[in-house]
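# Structure at a glance
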Amino acid sequence: MKLQTKIILAFLAVILMPLALMGISLLLMGRFMHLPSLSQLDPAYQEILSQVAVMIILVLVITAVLLTSWLYNSIVKPIATLQKATRAIKDGDLDFSLQVTGADEISELCQDFEAMRVRLRQTQEEKIQYDRENKVLISNISHDLKTPLTAVKGYCEGILDGVAASPERMTKYIHTIYNKACDMEKLLDELTLYSKIDTNRIPYNFTRISVKDYFADCAEELAMELESRGIELTYSDLLEEKAEIIGDAEQLKRVVNNIISNSIKYMDKKQGIMSLRLRDDGDFVRVEIEDNGKGIGAKDLPYIFDRFYRTDSSRNSATGGSGIGLSIVKKIIEDHGGRIWATSLEGTGTTIHFVLRKYQEKQEEEHEQNSDRGRRREHR
Ligand SMILES: Nc1ncnc2c1ncn2[C@@H]1O[C@H](COP(=O)(O)OP(=O)(O)OP(=O)(O)O)[C@@H](O)[C@H]1O
Ligand SMILES: [Mg+2]
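Just so you know, these numbers come straight off a predicted model, no measurement behind them.

## Structural notes on the side chain of Ser275
Of note, Ser275 is situated in strand 4 (residues 272–281). When residues no more than four places from it in sequence are discounted, the contact partners of Ser275 are Leu233, Thr234, Glu288, Ile289 and Glu290.

## Concerning the sheet that holds strand 2 (residues 231–237)
Spatially, 2-4-5-7-6 is the arrangement adopted by the 5 strands of the open sheet, whose pairing is mixed. Each edge of the sheet is formed by a strand with only one pairing partner; in this case those strands are strand 2 and strand 6 (339–345). Pairs of neighbouring strands in the sheet enclose a mean axial angle of 15°, with direction left out of account. Pairing between strand 4 and strand 5 (residues 284–291): 8 bridges, direction antiparallel. The partner of Leu276 across the bridge, within strand 5, is Ile289. Against the sheet, helix 5 (residues 211–228) engages strand 2, strand 4, strand 5 and strand 7 (349–357), with an angle of about 170° to strand 2. Here helix 8 (residues 325–335) sits on the sheet and contacts strand 6 and strand 7; the angle it forms with strand 6, its principal contact strand, is near 140°.

## Describing the domain arrangement of the chain
Buried accessible area, meaning the area lost when the parts come together, often serves as the stated size of an interface. Domains assigned within the chain are domain 1 (3–93), domain 2 (135–198) and domain 3 (207–363). Distance from the C-alpha centre of domain 2 to the C-alpha centre of domain 3: 28 Å. Across the domain 2 to domain 3 interface the summed buried area is about 1000 Å²; carbon plus sulfur atoms make up 65%. Three residues, Leu193, Tyr194 and Ile197, lead the burial of domain 2 against domain 3; their summed loss comes to 52% of the area buried on that side. Joining domain 2 to domain 3, the criterion identifies 0 salt bridges. The tally of links from domain 2 across to domain 3 stands at 0 residue pairs in polar contact (both at pLDDT 80 or more). Here the side of domain 2 that touches domain 3 takes 7 residues from helix 4 (residues 167–198), the largest share from any one element. Taken together, the residues of the side of domain 2 that touches domain 3 break down into 7 nonpolar, 1 polar and 3 charged.

## Re the packing of aromatic side chains
Throughout the structure, instances matching the rule amount to 4 aromatic pairs. On the numbers, 5.3 Å between centres and 25° between planes, the contact of Tyr204 with Phe206 is stacked. With a relative accessible area of 22%, Tyr204 lands in the partly exposed category. In this structure, Arg117 is placed above the aromatic ring of Phe96, and the distance from its NZ or CZ to the ring centre is 5.4 Å.

## A few points about the pattern of salt bridges
As enumerated under the stated definition, the model contains 18 salt bridges in all. For Lys269, the salt bridge is made with Asp268, and the minimal N-O distance between the two is 2.9 Å. The shortest N-O distance in the salt bridge between Lys330 and Glu334 comes to 3.6 Å. Here Glu334 and Lys330 lie together in helix 8, a separation of 4 residues that amounts to about one turn.

## Remarks on helix 1 (residues 3–32)
For helix 1, with 30 residues, the first-to-last C-alpha span of 43 Å sits near the 44 Å given by 1.5 Å per residue. For helix 1, the full list of buried residues reads Ile7, Phe11 and Ile15. Where helix 1 is buried, its residues touch helix 2 (43–90). Among the residues trailing helix 1, His34 stands out with phi positive, at a value near 50°.

## Quick look at the packing of helix 4 against helix 8
Contact geometry for helix 4 and helix 8: axes closest at 10 Å, N-to-C directions at 35°. As helix 4 runs across helix 8, the sense of the crossing is left-handed. Contacts between helix 4 and helix 8 involve Glu190, Leu193, Tyr194 and Ile197 from the first element and Ser327, Ile328, Lys331 and Ile332 from the second. Of the residues that constitute the contact of helix 4 with helix 8, the class distribution is 5 nonpolar, 1 polar and 2 charged.

## Notes on helix 6 (residues 249–265)
Under the 1.5 Å per step criterion, the end-to-end length of helix 6 is 24 Å for 17 residues, consistent within 8% with the ideal 24 Å. Among the residues of helix 6, Gln251, Leu252, Val255, Val256, Asn258, Ile259, Ile260, Ser263 and Ile264 are the ones counted as buried. For helix 6, the N-terminal cap is Asp248; the gap from its side-chain oxygen to the backbone nitrogen of Glu250 is 3.0 Å.

About the cut-offs
Residues numbered from 1 in each chain as written. Chains lettered and ligands numbered in written order. Predicted model: local features only at pLDDT ≥ 70, side-chain atom pairs only at ≥ 80, totals over all residues. Heavy atoms only, no water. Helix = DSSP H or I, 4+ residues; strand = E, 2+ residues; numbered from the N terminus. Contact = heavy atoms within 4.5 Å. Pairing = 2+ DSSP bridges. Axes fitted to C-alpha atoms, helices over the stretch in contact; angles between N-to-C directions. Domains from an automatic or database assignment. Buried area = accessible area lost by both parts, 1.4 Å probe. Salt bridge = Lys/Arg side-chain N within 4 Å of Asp/Glu carboxyl O. Polar contact = N/O pair within 3.5 Å; in protein donor to acceptor, adjacent residues only side chain to side chain. Nonpolar A, V, L, I, M, F, W, Y, C, P; charged D, E, K, R; others polar. Phe/Tyr/Trp six-rings, centres within 6.5 Å; stacked < 30°, edge-to-face > 60°. Buried < 20%, exposed > 50% of the residue type's maximum accessible area, 1.4 Å probe, protein only. Lys NZ or Arg CZ within 6 Å of the ring centre and 35° of its normal. Expected span 1.5 Å × (residues − 1). Left-handed = near helix turned anticlockwise from the far one by under 90°.

Right, here's the structure in full:
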């Protein structure tokens, strides 16, 4: 039996039962107490009594109707809406919206149901986005692996056909095959790292790092490598005093290397110039890495940290890449509690900025002392 029918029947019973009881009691009272019957009463009394009876029935009916509709609106209606919503979800439709206001338990149940629908919708959207990105990734991997593989195949065929007759030629072929294999290995390493980072499987090894020393060493190493590529690197430490950060030295090196490798890859000037700067930014240390490369157009700039995003000119150029580098960089910086962004002028150059929070001994000590005190109080 439907809930609606049950409620109507309950209220009919509420009206009929007292009436029936009243009728039976009057009959019994008349019989055993020898009271006069209604027809024996004065007509004026008869009139008053029948009016009272009609009034009682009317009040009972109106109360029953009002209570039924109140209960119908606050129980049956929201349950019916909830049932419709559940069926929609069962059929895979998450695009509706369940609007039930009120503060009773059923309204709260509907509001929780709506929150669940919104969460499911988000998860579904994330999954669609993830699947789309995976498809792009697979097509990028196939494309990026196909180029070196074709070359390796070609050179091997050359060796088998005896084209590499002289020892010099043979060495050249083998070198090329080796280089192509290294390219493939690099791509696969990047993809493995990317998938680890994406699923939070990178175990960070956080330690206290002295910013000045760390970046000075970085700059020294990089300057040598960049010099061999004809790029000049200037390092400026504009920090007013010694600062420390809590970070993973290895992963931060990956950040710097990825940014620098982009500067090298997208360098289009004869004399490449790069600078690595450290500045104070309130409670943060700001690191800036600037190049005088080809720059990034304003329409591409907001997206360069997105996974697999490459500007049209990069995609069409011979420079390899999957558009993963900067998304890894962003993830690492954000996992350090920092922020990263880029400024660029097409044709002039690009600057990547990132900030990392300074380690403040006093605050940390106070924090530790407070938690010690708290622990002692708990102990007592
Ligand atoms: N210094 C830069 N100068 C010019 N363009 C840049 C620079 N850094 C990044 N870009 C642009 O941003 C895009 C995204 O960079 P990202 O490092 O994520 O990918 P990628 O270098 O193309 O590939 P990968 O790093 O995976 O090998 C690049 O394709 C390029 O178009
Ligand atoms: Mg890159």
